[in-house]
Structures are given as C-alpha cells and as structure tokens.
Amino acid sequence: MAQKRNIALIGTGLMGVPMSLNLMVAGHDLTVWNRTQSRAAPVVENGAHWAESAALAIAKADVLITMLSDGFAALALLEDAEFLAQLTPGKIWLDMSSTKPEHARTLSSRLSPMGVAFMDAPVSGGTKGAQAATLAIMAGGSADTFDVLRPVFDAMGRAVHVGPVGSGQLAKLANQTIVAVTISAVAEAMLLIEQGGADPAAVRDALKGGFADSIILQQHGARMSAGDFAPGGLSKFQRKDLDNTLAEAATLGLELPSTQAVRDRFDHFIEHMGGADLDHSGLYLELKARNGMPS
C-alpha cells in the first residue's frame, strides 16, 4: 500500500476496536495500547501489535490516534515523561475522542513547540458506523495535516475538514445536540404511537423519505419498540457531550433551552434510573417512567 502508515491507537473501547480493525484492513501497520489489556484482545488477535505502555505504543508510530473517554484523559498522557519523550518532531496526533474545544486547543498549543502536528477529529455514527467504516469524521486543524491524514481517515469513514483546531469538537457538540434532542422527539413519538394502538414499525416505514425521517427514527425508534438498549452510544457519554455543549454555549453567551432540558433528562436517567451504561436511546425508559409506565 503506497500510503501505509505506522499508527498507534490508544483506547480500544466500543469504538476503538472496530476502528482499529478497519485501519488494518486498509493496510496500515497498527500498534495498540489500552489501560485494560483484555479490551484490546480482538484487535491483537487480528494482527495488531500490543504495547506494554502508551509510550512504547507511539515509539515507532508516525500517527498517534487517541479514542478516549474525554479530553482530560488525552491531556493526562502529557503528564507521562516517557510518553513525552516519544513525541518527536514530525509525528501527528489525531484525537478522535469527543472532548471540549478548549481541550483540543490546549493539546495543540502544547504539541506545536515540539514539532508535533495535531488534529481534533471526533466521529459520529456509533458502533455500527465504526464497524462499517462509514463514520462521519469532523476534522479541525491545518488543511495540510488533513491531506496527509486522508488515507487514515478513509479507512474509517468520511472525513470533512471543518476549520482550525477545536472546530472538529465544536462540530461534534453540534452533532450531539441534534442527536440528543432528536432522540427525545423520537421517544415521544414512539410512545404516542404505541399507546395509541398504531404499528410502530409500519409508522416508521410510512415516514421514510419525509421531513421527519432520520437514522435515529429508524434505528433508535426500532430499539425503543424492541426494548433493546445494549450500548452503542453510552448515555453517560451523551450527558458528557451535552455538558460540554452547554459549557461552550455559556462562553459564547448563548442559551440553549432544548439542549438543557434533554441534558437534565439524561442526568435523571443516569443518576436515578441506572442508565449510565445503557444506549442513549434508553432515554425512552426515562420517558416511560415520567408517564408512570413500567420499563
């Protein structure tokens, strides 16, 4: 492969595993590290190299991908002296975690004097998109770095350069705001349909192609009707993203009432109904409880 890259991927969770597998399918050489080694097993079994530390993972890599829980986890890597020693000039750090825009800008400012390029490139599409290599990738950083990384992006989905560093995370916050508010609307629609006696699957089919149609309606609407809330996108991460959206809005002097309302509902679902590790479509359960209905 003409544009094969030596890639280190840190964070082999629900998204990191299928992303890693697709990078190898595309011909890239991959080394992985995760705090819990067993979670990297599916990747290592398919040909990835396992490193005993994050520092060793990036030692020979020209591209470092982080897929972590938040920006604090990414910034924490810079507190490891051995890791810092391996951040040599010419490397590119691609943070595909969902973080705050300010975290992306902080990482970039720390790395730039070291000669390490940085892009923030969070993704949308959930585990299904990760498995199918159809992720929507929102990339912030320099256009030159984006062009260099195109073969890496192409292995995982469709990337769009949306602006300077931090813009990828801002786009992801916009995405997550739309997702969360739409999940809320779909939950209300599904409950209305079911309680009114219509066939939910038939109604979803009837709405295909109309203004109300969406992936969330078709996929999460089906999940709600089936009571299938196995995690694809975790509710606790959805709340984190909404908190980040509201924090960013506050710095801009903006009030986002729908975002605030759905954030508070996710908070109740997580803190009082044990929904932290359920799929974010599980907000349907919060709606049913609100209406005095068993889950």
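Up top is the structure.
Residues numbered from 1 in each chain as written. Predicted model: local features only at pLDDT ≥ 70, side-chain atom pairs only at ≥ 80, totals over all residues. Heavy atoms only, no water.

Novice: What am I meant to see in the overall build of the protein chain here?
Specialist: Looking only at helices and strands, the protein chain has 14 helices and nine strands in total. Seen along its three principal axes, the alpha-carbon backbone of the protein chain occupies a region of about 60 × 45 × 35 Å. Of all 295 residues assigned to the protein chain, the portion counted as buried reaches 49%. Considering only contacts in the protein chain between residues 6 or more positions apart, those separated by 24 or more positions represent 63%. Split by element, the accessible area of the protein chain, about 13300 Å² in all, is 54% carbon and sulfur. Between the mean site of the 23 positive side-chain charges and the mean site of the 30 negative ones, the protein chain shows a separation of 2 Å. (Helix = DSSP H or I, 4+ residues; strand = E, 2+ residues; numbered from the N terminus. Buried < 20%, exposed > 50% of the residue type's maximum accessible area, 1.4 Å probe, protein only. Contact = heavy atoms within 4.5 Å. Areas by Shrake-Rupley, 256 points an atom, 1.4 Å probe, with all protein chains shown as cover. Lys, Arg positive; Asp, Glu negative; His and termini not counted. Charge placed at Lys NZ, Arg CZ, Asp CG, Glu CD.)

Novice: Please clarify how the environment of Ala198 should be interpreted in this entry.
Specialist: Counting through the fold element by element, Ala198 comes out in the loop between α9 (167–196) and α10 (200–206). For Ala198, a relative accessible area of 38% corresponds to the partly exposed category. Residues within four places of Ala198 in sequence aside, it is in contact with Ile193 and Val203.

Novice: What exactly am I supposed to notice about the layout of surface pockets here?
Specialist: Size it by volume and the largest pocket reaches roughly 1300 Å³. Contributing to the lining of the largest pocket are 49 residues, with Met15, Gly126, Lys172, Gly232 and Gly233 lying nearest its centre. Those elements that provide at least two residues to the lining of the largest pocket are α4 (71–76), β7 (123–124), α7 (126–132), α9, α11 (215–226) and α12 (235–251). The residue inventory of the lining of the largest pocket, partitioned by class, reads 18 nonpolar, 23 polar and eight charged. (1 Å grid on protein atoms, 1.4 Å probe; cavity = no way out; pocket = protein on both sides within 12 Å on 5 of 7 lines; lining within 4 Å. Points joined across faces, edges and corners; volume = space filled by probe spheres on them. Nonpolar A, V, L, I, M, F, W, Y, C, P; charged D, E, K, R; others polar.)

Novice: Looking at this structure, how should I read the environment of Leu256?
Specialist: Among the structural elements, Leu256 can be located in the loop between α12 and α13 (257–273). Note: C-alpha distance between Leu256 and Thr245 (11 residues apart in sequence) is 9.0 Å. Discounting residues that sit within four places of it in the chain, Leu256 has contacts with Thr245, Leu246 and Ala249.

Novice: Which parts of the structure should I look at to understand the environment of Gln131?
Specialist: Assignment of secondary structure puts Gln131 in helix α7. C-alpha separation for the pair Gln131 and Leu256, spaced 125 residues apart in sequence, amounts to 33 Å. Non-local contacts of Gln131, meaning those with residues more than four positions away in its chain, are made with Pro18 and Asn22.

Novice: Can you walk me through the pattern of salt bridges in this structure?
Specialist: Oppositely charged side chains can pair when the atoms bearing their charge come close. Under the definition given, this model contains 12 salt bridges. Note that Asp205 is salt-bridged to Lys208, the shortest N-O span being 3.7 Å. What makes Asp205 partly exposed here is its relative accessible area of 48%. Measuring nitrogen to oxygen at the nearest pair gives 2.7 Å for the salt bridge that ties Arg263 to Asp243. (Salt bridge = Lys/Arg side-chain N within 4 Å of Asp/Glu carboxyl O.)

Novice: Just to check I follow, could you spell out unusual backbone geometry for this structure?
Specialist: Backbone geometry follows two general trends: most residues other than glycine have a negative phi, and most peptide bonds adopt the trans configuration. Residues other than glycine seldom take positive phi values, yet Ala133 does so here, at roughly 60 degrees. Of note, Ala133 is situated in the loop between α7 and β8 (135–140).

Novice: Would you explain the side chain of Gln176 in this entry?
Specialist: Position of Gln176 among the secondary structure elements: in helix α9. Those residues in contact with Gln176, other than ones at most four positions away along the chain, are Gln238, Asp241 and Leu242.

Novice: Please clarify how the side chain of Lys172 should be interpreted in this entry.
Specialist: Along the chain, Lys172 turns up in helix α9. In this structure Lys172 is buried but unpaired, with Asp241 as the nearest side chain of opposite charge at 4.6 Å. Each residue touching Lys172, except ones within four places of it in the same chain, is listed here: Ser98, Pro122, Val123 and Met138.

Novice: How do you make sense of the packing of aromatic side chains when you look at a structure like this?
Specialist: One pair of aromatic rings is described through two measures. These are the centre distance and the angle between the planes. Considering all chains together, one arrives at two aromatic pairs under this definition. A centroid spacing of 5.8 Å and a plane angle of 70 degrees characterise the contact between Phe83 and Trp93, whose relative ring orientation is edge-to-face. In this pair, Phe83 is assigned in helix α5 (residues 81–85) and Trp93 in strand β5 (residues 92–95), connecting sequence segments 10 residues apart. For Trp93, a relative accessible area of 0% translates into the label buried. (Phe/Tyr/Trp six-rings, centres within 6.5 Å; stacked < 30°, edge-to-face > 60°.)

Novice: Whenever I open this one, the packing of α9 against helix α14 (residues 283–290) confuses me. Can you help?
Specialist: Relative orientation and spacing of two packed helices are given, respectively, by the angle between their axes and the distance between those axes. For the pair α9 and α14, the least separation of the axes is 9 Å and the interaxial angle reads 55 degrees. It follows that α9 is oblique to α14 by the angle criterion. Of the two possible hands of crossing, α9 and α14 adopt the one that is right-handed. Across the interface between the two elements, Ile183, Ser184, Ala187, Glu188, Met190, Leu191 and Glu194 of α9 pack against Leu283, Tyr284, Leu287 and Lys288 of α14. (Axes fitted to C-alpha atoms, helices over the stretch in contact; angles between N-to-C directions. Parallel < 35°, antiparallel > 145°, perpendicular 65-115°, else oblique. Left-handed = near helix turned anticlockwise from the far one by under 90°.)

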